Amino acid sequence: MSWPRKNLAEVAVFSLGKMLDQRKNRGDSLPYLANKNVRWGEFDLTELREMRFEERELERFSVKNGDIVMCEGGEPGRCAIWREQLPKMMYQKALHRIRPHEGMNEVFLYYNLSHRAKAGHLSGLFTGATIKHLPKEKLALVEVDVPDIPIQERIAAILSAYDDLIENNRRRIALLEQAARLLYREWFVHFRFPGHETATFMDGLPEGWLSTRVGNLGSVITGKTPPKKVAENFGGPIPFIKTPDMHGNIFVISTDETLTEQGAKTQAKKTLPPGSILVSCIGTVGVVTLNATEAQFNQQINAVVPDPENSNFYVYFALENIKPKLEALGGGVTMANVSKSKFESVPVPLPHPTVQQEFHETVAPMFDQVLQLARLNAQLTRARDLLLPRLMDGRIPVSV
């Protein structure tokens, strides 16, 4: 089955966002979407920056319900559909805002564009030797399928059913994480842990607690990338974690890139057991996740294999809590960089083992549920991604 195809310029209007220029920008400070906030099919809104916008710029540089937001650079074509997750959201120049014309369903167009981007169909339009870009004039040439509206709506409904389940699970994960984080703050920031009423404090910490450093929480390992020139190092069953795999995830379930057994053997000492904590330390500093399975990771990440093992959930939140210190240590004009030695030197409190154990036993069921939901989402994502190209090329006919 073949449907009519048109250039994107024929079915939608699109524009780039506002350039960040602190010296020239005027108006009210508003949050804006940057490249790093747009993931495949979702938005990571945990770290939003603000820029000044004048009244006359609000319509031009804002996003509204149904807008498709696509990365212009970095990983061109990566996109998600905005659903008013937050009010008064703007967007910057690193992103395209795509609004379909009448006769084009925005959800169908999003899936169509996402499919083409993931399948590599846009790569012939990219510019740039090292950092790839998809400029506006090239985006205009992207071809999209344009079946009749009832077919568009039916396909959009089928695929959206998967994404609705995924989003519902994400909300459940967020609630579980919030509950665990609030308990951490109650016990280890405000010191209202079980038995605190009778605790004696010395130098700002309860008796039996230690003021230590990250390097004493366990084994600290800096990641590494196997030789890229050896193709046989990549494409196997072993997850290879990079910072983009960590964004928005408590557990890393899947990775964009994987290693073969041969690739992993080239750096066997970099293999992490499940439950290790990874912290991004170059570029975007302070993203913290746990790995769900045995994995390797790249040089932009420092990892902690906790000792004792049952302290990993405490260590997860403790490392999340030192993000401001890591950012201050990052320095660098162009790219923040926290070396292993700097990372190991950051001070952290170490509670009494009994309190750590009780915290672990309390939050472990929450993290178990998070892991189950994350794995279910990974399964749903794989099923949707298998279905997507078959719906888009007509291999699976739809009835309306």
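Everything below is about the structure shown above.
Peer 1: Go over the overall build of the chain, please, and point to the residues and values.
Peer 2: Within the chain one finds 10 helices and 23 strands. If one aligns the C-alpha atoms of the chain with their principal axes, the spans along those axes are about 75 × 55 × 40 Å. With 400 residues in all, the chain has 48% of them scored as buried. Of the roughly 20,000 Å² that the chain leaves accessible, carbon and sulfur atoms contribute 51%. Once the 48 positive and 46 negative side-chain charges of the chain are each reduced to a mean point, those two points are 6 Å apart.

Peer 1: Can you explain the packing of helix α4 (residues 149-189) against helix α7 (residues 312-321)? Please cite residues and give values.
Peer 2: Running from N to C, α4 and α7 point in directions that differ by 80 degrees, and their axes come no closer than 11 Å. On the basis of the axis angle, α4 is roughly perpendicular to α7. Touching E177, A180, R181, Y184, R185, F188 and V189 of α4 are Y314, Y316, F317, A318, E320 and N321, all from α7. When the residues that make up the contact of α4 with α7 are grouped by side-chain class, the tally is eight nonpolar, one polar and four charged.

Peer 1: Go over the side chain of H247 with me, naming the residues and quoting the values.
Peer 2: Relative to the helices and strands, H247 is located in the loop between α5 (243-246) and β17 (251-252). In this structure H247 touches R39, D44, T284 and V287, once residues within four positions along its chain are discounted.

Peer 1: Describe unusual backbone geometry, and please don't skip the residues or the numbers.
Peer 2: Even without glycine at this site, E84 takes up a positive phi of about 55 degrees. Structurally, E84 can be placed in the loop between β8 (79-81) and β9 (90-91). One non-glycine residue with positive phi stands out, namely K88, at about 50 degrees. Relative to the helices and strands, K88 is located in the loop between β8 and β9.

Peer 1: Go over the pattern of salt bridges with me, naming the residues and quoting the values.
Peer 2: All told, the structure shown has 23 salt bridges when counted by the stated rule. A salt bridge links R5 to D145, with the shortest nitrogen-to-oxygen separation between them at 3.1 Å. A residue pair is termed long-range when its members are at least 10 positions apart, and R5 in strand β1 (residues 5-7) and D145 in strand β11 (residues 143-145) qualify at 140 residues. Classification of D145 as buried rests on a relative accessible area of 5%.

Peer 1: With reference to specific residues and values, describe the environment of P4.
Peer 2: The topology assignment puts P4 in the segment before β1. When its relative accessible area of 49% is taken as the criterion, P4 is described as partly exposed. Separated by 293 residues in the primary sequence, P4 and F297 have C-alpha atoms spaced 44 Å apart. Not counting the four nearest positions on each side in its chain, P4 is found in contact with V144, D145 and V146.

Peer 1: Lay out the side chain of N233 with the relevant residues and their values.
Peer 2: Tracing the backbone shows N233 in the loop between β15 (218-222) and β16 (234-241). Here the side chain of N233 touches P227 through a polar contact of 3.1 Å, landing on its backbone oxygen. With residues up to four places along the chain from it excluded, the contact list for N233 reads P226, P227, T258, L259, T260, Q262, G263 and T266.

Peer 1: Give a description of the nonpolar core that names residues and reports values.
Peer 2: Ranked by internal contacts, the top residues of the largest apolar core, which has 48 residues, are L319, F343, F359 and F367. If you list the elements that add at least two residues to this core, you get α4, β19 (277-280), β20 (288-291), α7 and α10 (353-392). Looking at this core, the element that brings in the most residues is α10, giving 10 residues. Setting aside residues no more than four positions away along its own chain, L319 makes contact with V214, L217, I277, V279, V288, V304 and F343. Ranked by size, the runner-up nonpolar core spans 34 residues in total, among them V11, Y111, L125 and M392.

Peer 1: Provide a residue-level description of the environment of D368, including the pertinent values.
Peer 2: Tracing the backbone through its elements, the reader meets D368 in helix α10. Using a relative accessible area of 43% as the deciding quantity, one classes D368 as partly exposed. With 31 residues separating them along the chain, D368 and N337 place their C-alpha atoms 33 Å apart.

Reading the values: the criteria
Residues numbered from 1 in each chain as written. Predicted model: local features only at pLDDT ≥ 70, side-chain atom pairs only at ≥ 80, totals over all residues. Heavy atoms only, no water. Helix = DSSP H or I, 4+ residues; strand = E, 2+ residues; numbered from the N terminus. Buried < 20%, exposed > 50% of the residue type's maximum accessible area, 1.4 Å probe, protein only. Areas by Shrake-Rupley, 256 points an atom, 1.4 Å probe, with all protein chains shown as cover. Lys, Arg positive; Asp, Glu negative; His and termini not counted. Charge placed at Lys NZ, Arg CZ, Asp CG, Glu CD. Axes fitted to C-alpha atoms, helices over the stretch in contact; angles between N-to-C directions. Parallel < 35°, antiparallel > 145°, perpendicular 65-115°, else oblique. Contact = heavy atoms within 4.5 Å. Nonpolar A, V, L, I, M, F, W, Y, C, P; charged D, E, K, R; others polar. Salt bridge = Lys/Arg side-chain N within 4 Å of Asp/Glu carboxyl O. Polar contact = N/O pair within 3.5 Å; in protein donor to acceptor, adjacent residues only side chain to side chain. Core = buried A, V, L, I, M, F, W, Y, C linked by side-chain atoms within 4.5 Å.

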